[in-house]
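# Structural features, examined
Residues per chain are reported as follows:
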Amino acid sequence: MTLRPSSAHFRESRNPAGEQRTGSPLSRGRAELRERALRLALPIIVLAVGLAVWELVVRLANIPPYVLPAPGLILKTLVADRVLLAQSVLVTLKTTFEGFLLAACGGVGLAVIFNQSRFIEYSFYPYAVILQVTPVIAIAPLLLVYLQPQAAVLVCAWIVAFFPVLANTTLGLHSVDRNLADLFSLYGASRLQILWNLKLPWALPYMLGGLRIAGGLSLVGAVAAEIAASSAGAGSGLAYRISEAQYRLNIPRMFAALLLLSLAGIVIFYLLSLINHLALRHWHESALEREG
Amino acid sequence: MAAVMASRSASLVALRGVGKIFPNGVRALGGLDLDVREGEFLALLGPSGCGKSTALRVIAGLSEPTEGAVQWLAGATRRQGDSRIGFVFQEPTLMPWASVFANVALPLKLKGLSAPKAAERVEAALERVGLASFSAAYPRELSGGMRMRVSIARALVTEPQLLLMDEPFAALDEITRFKLNDDILRMWQTLSTTIVFVTHSVFESIFLASRVVVMAARPGRVFAELTVDAPYPRAEDFRTSAEYAAYCRRASEALAQAMAAGGEA
């Protein structure tokens, strides 16, 4: 699940650069257009062929829907269960969004505090790492012992998502250009002025990179915790629908819910990429074409 | 020896027996005595690694000497945090996320100057370096020479008493460098400020400076001093004159001796 966003990241990050080219010869513009069309068309063709083969195999081999439903049936289920599934999508997205917001604030906030005091950084950074490397699926049942299911799900989403924000922002804050830092101290800038006018803008691209990873991860965290919570008989998010449908052998609905989770992940990723691009398009190397 | 003593005017800042040993044990400066006189254009000339940049950082207060003292003329700029020092780095060192205007306005902003008051001075500084029409541009959109001009405008915006320049044109092509040399001389004359200019180019130092101090390495110290008496304004005719060539030859000789004394090949 974590592989998909990272491969999509590379594909996406090259595209905005292509759009920024100005004054390029017509032939180059046309070649670029073809390249973009191919990038869009090829995965769609693969999807269409894959779905057709799937549908054919299920029909020709007479596979019963409780073993493997055909794509057509999954689509029908999606439409038939739309009210139920839409509610679940909203529940899961709400948790994901809240977890993401907390992770963003927590990650950036901790990074700033760590950057201001080496003492605090040395004291607490190892525990942030421990929180990150312990699989969340193993932490979730324990959290459910102490917290309301909804709160536990939120905490899980936060635990998974905050670390990339913390790690990336910390790196950004530490990699400020030395000459610029000298310039600020030459003009007698206060710590707050340095933080606000130099360190945070400098760290912004790193921070946004962390947030892009955190968006996907907060969905992972929310789903993992929902699945753990559903065995305790609580919740109504998409992941809960999946385990519920599993008990009832409603395999088409499992697929339908899974499809929606995937779509949610894709939307989250592209939304964050868009924010990233809008924030950096004027100045950062990643969003600009190199000078000829 | 090519050293010539110049007529003494008041020292704006004086380094007395300044030494600097870095934490890794490297002795960058040792027994450095240097006077920066008010209103002069002083060039620090030396081979790479002779500590000329370190000397500049010590003057700016960005680096504390491990021995000796830095004395300021009474009533003059003291040290770090004083807007009457301007510093131009070897790189343009601009904030990539900020427009040209915002970059030049930075020193005033850090001083807490109100935006309208700052705007006038920023525009004047940009006018001075010939970039008045680029105030909304981002550094990425400018050429190397233009970025360096922005950097100079930023250093000038506080109207500094002392402008410190650390090999500012070393990374630029020769045509751009000559143009900027002409411009910096014109600015120095109209602003009547004091400039300390670090360079490893004999030709640049003679063209610009009223006094050239040649430094030797290991540890960094003053090796020779050369007063360039040619009158300002200096332009293309000075650059091609026999007088200029003669000064360059003397400076080159001093530099060669300094390098021999500093143990360089």
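If you're wondering where the values come from, they're calculated on a predicted model, not measured in any experiment. (Residues numbered from 1 in each chain as written. Chains lettered and ligands numbered in written order. Predicted model: local features only at pLDDT ≥ 70, side-chain atom pairs only at ≥ 80, totals over all residues.)

### Overview of the overall build of chain A
Tallying secondary structure elements over chain A gives 11 helices and zero strands in all. Listed N to C, the secondary structure of chain A is α-α-α-α-α-α-α-α-α-α-α in terms of helices and strands. When each of the 292 residues of chain A is scored for burial, the buried share is 37%. Partitioning the intrachain contacts of chain A with sequence separation of at least 6 by distance along the chain shows that 76% fall at a separation of at least 24. (Helix = DSSP H or I, 4+ residues; strand = E, 2+ residues; numbered from the N terminus. Buried ≥ 20, exposed ≤ 12 C-beta atoms within 10 Å, placed from the backbone. Contact = placed C-beta atoms within 7 Å.)

### A look at helix α2 (residues 100–110) of chain B
Among the 11 residues of α2 of chain B, eight are classified as buried, and the element is accordingly described as predominantly covered. What α2 of chain B keeps buried is the set Val100, Asn103, Val104, Ala105, Leu106, Pro107, Leu108 and Leu110 of chain B. As for α2 of chain B, its buried residues are in contact with α8 (178–186) and α9 (191–230) of chain A together with α3 (115–128) and α4 (144–156) of chain B. Where α2 of chain B terminates, the next one or two residues include Gly112 of chain B, which has phi positive at roughly 80°.

### Quick look at the interface of chain A and chain B
The interface is formed by 16 residues belonging to chain A together with 18 residues belonging to chain B. Taken together, the elements giving at least two residues each to the side of chain A that touches chain B come down to α8 and α9 of chain A. A per-element tally of the side of chain A that touches chain B places α8 of chain A first, with seven residues. The residue makeup of the side of chain A that touches chain B, split by class, is nine nonpolar, five polar and two charged. (Nonpolar A, V, L, I, M, F, W, Y, C, P; charged D, E, K, R; others polar.)

### Concerning the pairing of strand β3 (residues 41–45) of chain B
All names here are of chain B. Among the five residues that make up β3, five are buried, leaving the element largely enclosed by the rest of the structure. Covered by surrounding structure in β3 are Phe41, Ala43 and Leu45 together with Leu42 and Leu44, the residues of both alternating faces. Examined bridge by bridge, β3 and strand β7 (residues 194–199) share five bridges and lie parallel to one another. When the bridges of β7 are listed, Phe41 appears paired with Ile195. Pairing of β3 with strand β8 (residues 211–216) involves four bridges; the strand directions are parallel. Residue pairing across strands places Leu45 opposite Val214, the latter belonging to β8. (Pairing = 2+ DSSP bridges.)

### Some thoughts on unusual backbone geometry
All names here are of chain B. Of note, the bond from Arg218 into Pro219 is cis; its omega dihedral lies within 30 degrees of zero at -10°. Position of Pro219 relative to the elements: it lies in the loop between β8 and β9 (221–227). Between Tyr232 and the following residue, Pro233, the backbone shows a cis peptide bond with an omega angle of -5°. If you trace the backbone, Pro233 turns up in the loop between β9 and α7 (236–239). Residues other than glycine seldom take positive phi values, yet Glu167 does so here, at roughly 45°. Following the sequence through the fold, Glu167 ends up in the loop between β6 (162–166) and α5 (174–191). Judged by C-beta crowding, with 21 C-beta atoms within 10 Å, Glu167 ranks as buried.

### With respect to the packing of helix α10 (residues 238–247) of chain A against helix α11 (residues 251–280) of chain A
All names here are of chain A. Contact geometry for α10 and α11: axes closest at 8 Å, N-to-C directions at 165°. With respect to each other, α10 and α11 are oriented roughly antiparallel. Crossing hand, α10 versus α11: left-handed. Contacts between α10 and α11 involve Leu238, Arg241, Ile242, Ala245 and Gln246 on the former and, on the latter, Arg253, Met254, Ala257, Leu258, Leu260 and Leu261. Tallied by class, residues from the contact of α10 with α11 come to eight nonpolar, one polar and two charged. (Axes fitted to C-alpha atoms, helices over the stretch in contact; angles between N-to-C directions. Parallel < 35°, antiparallel > 145°, perpendicular 65-115°, else oblique. Left-handed = near helix turned anticlockwise from the far one by under 90°.)

### Things to note about the sheet that holds β6 of chain B
Residue and element names in this part refer to chain B. Overall, mixed pairing links the six strands, which are arranged β5-β6-β7-β3-β8-β9 in an open sheet. The sheet is open, and its two borders are formed by β5 (85–88) and β9, each paired with just one other strand. For this sheet, the mean inter-axis angle between neighbouring strands, taken without regard to orientation, is 20°. Strand direction decides the pairing type here: β8 and β9, joined by six bridges, are antiparallel. Across the sheet, the residue bridging to Arg211 is Thr227, located in β9.

### Looking at the sheet that holds strand β2 (residues 27–37) of chain B
Residue and element names in this part refer to chain B. Spatially, three strands are ordered β2-β1-β4 in an open sheet, and the strand pairing comes out antiparallel. For this open sheet the edge positions go to β2 and β4 (67–72), each flanked by a neighbour on one side alone. Within this sheet the neighbouring strands show an average axis-to-axis angle of 10°, counted without direction. Pairing between strand β1 (residues 11–21) and β2: seven bridges, direction antiparallel.

### Brief notes about the packing of helix α6 (residues 136–146) of chain A against α9 of chain A
Residues and elements named next belong to chain A. Remark: α6 packs on α9, axes separated minimally by 9 Å, with the N-to-C direction vectors making an angle of 50°. One way to sum up the angle between α6 and α9 is to call them oblique. In the crossing of α6 with α9, the sense of the turn from one axis to the other is right-handed. Residues Val136, Ile137, Ala140, Pro141 and Leu144 of α6 lie in contact with α9, whose contacting residues are Gly221, Ala224, Ala225, Ala228 and Ala229. When the residues that make up the contact of α6 with α9 are grouped by side-chain class, the tally is nine nonpolar, one polar and no charged.

### Topic: the nonpolar core
Counting residues in hydrophobic clusters, the biggest one holds 147 residues, and the most contacted among them are Cys156 of chain A together with Val214 of chain B. Considering every element that reaches this core, the biggest residue donor is α9 of chain A, with 18 residues. Each of domain 1 (11–84 + 161–261) and domain 2 (96–159) of chain B contributes no fewer than three residues to this core. Discounting chain neighbours no more than four positions away, the residues touching Cys156 of chain A are Val136, Ile139, Ala140, Leu143, Gly221, Ala222, Ala224 and Ala225 of chain A. (Core = buried A, V, L, I, M, F, W, Y, C linked by C-beta atoms within 7 Å. Domains from an automatic or database assignment.)

That is the geometry; function is a separate question.
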